[in-house]
Amino acid sequence: MISRRHFIQLGAGAVCAGAIRPASLFGEDAAKRIPVALQLYSVRKDCAKDLVGTVTAVARMGYKGVEFAGYYNQDAKTLRKLLDDCGLKCCGTHTGLPTLLGDKLKETVEF
């Protein structure tokens with residue numbers, strides 16, 4: 001069981017830690033230098049309805065990259081053009097184990 005004194009110490013430590021700005025740890029331009037990407041899985045319903053519109057909106061929000069969670073019946077060339085047009089990078093993809101086994105591996109890598 002935690003004592004009241006220990007609880008107060010932990011609380012005070014949390015308040016102090018929260019007061020430290022990340023910029024003071026990593027420099028004032030840290031937020032500008034560290035790109036942030038979005039998992040498209042989090043907007044999968046929107047992607048299923050309108051992939052181009054959703055990815056375009058993601059780019060306009062200021063994200064620098066996306067992680068795919070499905071390709072919505074698009075080929076690699078079409079997806080590459082979409083990302084290039086939006087100024088986004090592909091930083092990852094959800095890849096199922098079966099697509100990495102046997103003859104499927106080469107096809108997956110080429111995609």
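It should be emphasised that the depicted structure is a prediction, and the values quoted were computed from it without experimental measurement.

The rules behind the values
Residues numbered from 1 in each chain as written. Predicted model: local features only at pLDDT ≥ 70, side-chain atom pairs only at ≥ 80, totals over all residues. Heavy atoms only, no water. Salt bridge = Lys/Arg side-chain N within 4 Å of Asp/Glu carboxyl O. Helix = DSSP H or I, 4+ residues; strand = E, 2+ residues; numbered from the N terminus. Phe/Tyr/Trp six-rings, centres within 6.5 Å; stacked < 30°, edge-to-face > 60°. Buried < 20%, exposed > 50% of the residue type's maximum accessible area, 1.4 Å probe, protein only. Pairing = 2+ DSSP bridges.

1. Some remarks on the pattern of salt bridges
Counted under the stated rule, the structure contains two salt bridges. Residue Arg80 is joined to Asp84 by a salt bridge in which the shortest nitrogen-to-oxygen separation is 3.2 Å. Taken as a pair, Arg80 and Asp84 lie in helix 6 (residues 76–86) at a separation of four residues, close to a single helical turn.

2. Let's talk about the packing of aromatic side chains
Any aromatic ring pair is given by two values, namely how distant the centres are and how the planes are angled relative to each other. Inspection of the entire model under this criterion finds two aromatic pairs. A centroid spacing of 5.8 Å and a plane angle of 45° characterise the contact between Phe68 and Tyr71, whose relative ring orientation is tilted. When its relative accessible area of 3% is taken as the criterion, Phe68 is described as buried. Of the residues examined, Tyr71 reaches a relative accessible area of 27% and is grouped as partly exposed.

3. Topic: the pairing of strand 2 (residues 65–68)
Here strand 2 shows two buried faces, one formed by Gly65 and Glu67 and the other by Val66 and Phe68. For strand 1 (residues 37–39) and strand 2, the ladder comprises three bridges, and the chain directions are parallel. Along strand 2, the bridge assignment pairs Ala37 with Gly65. Of the pairings in the sheet, the one linking strand 2 to strand 3 (residues 89–93) comprises four bridges and is parallel in character.

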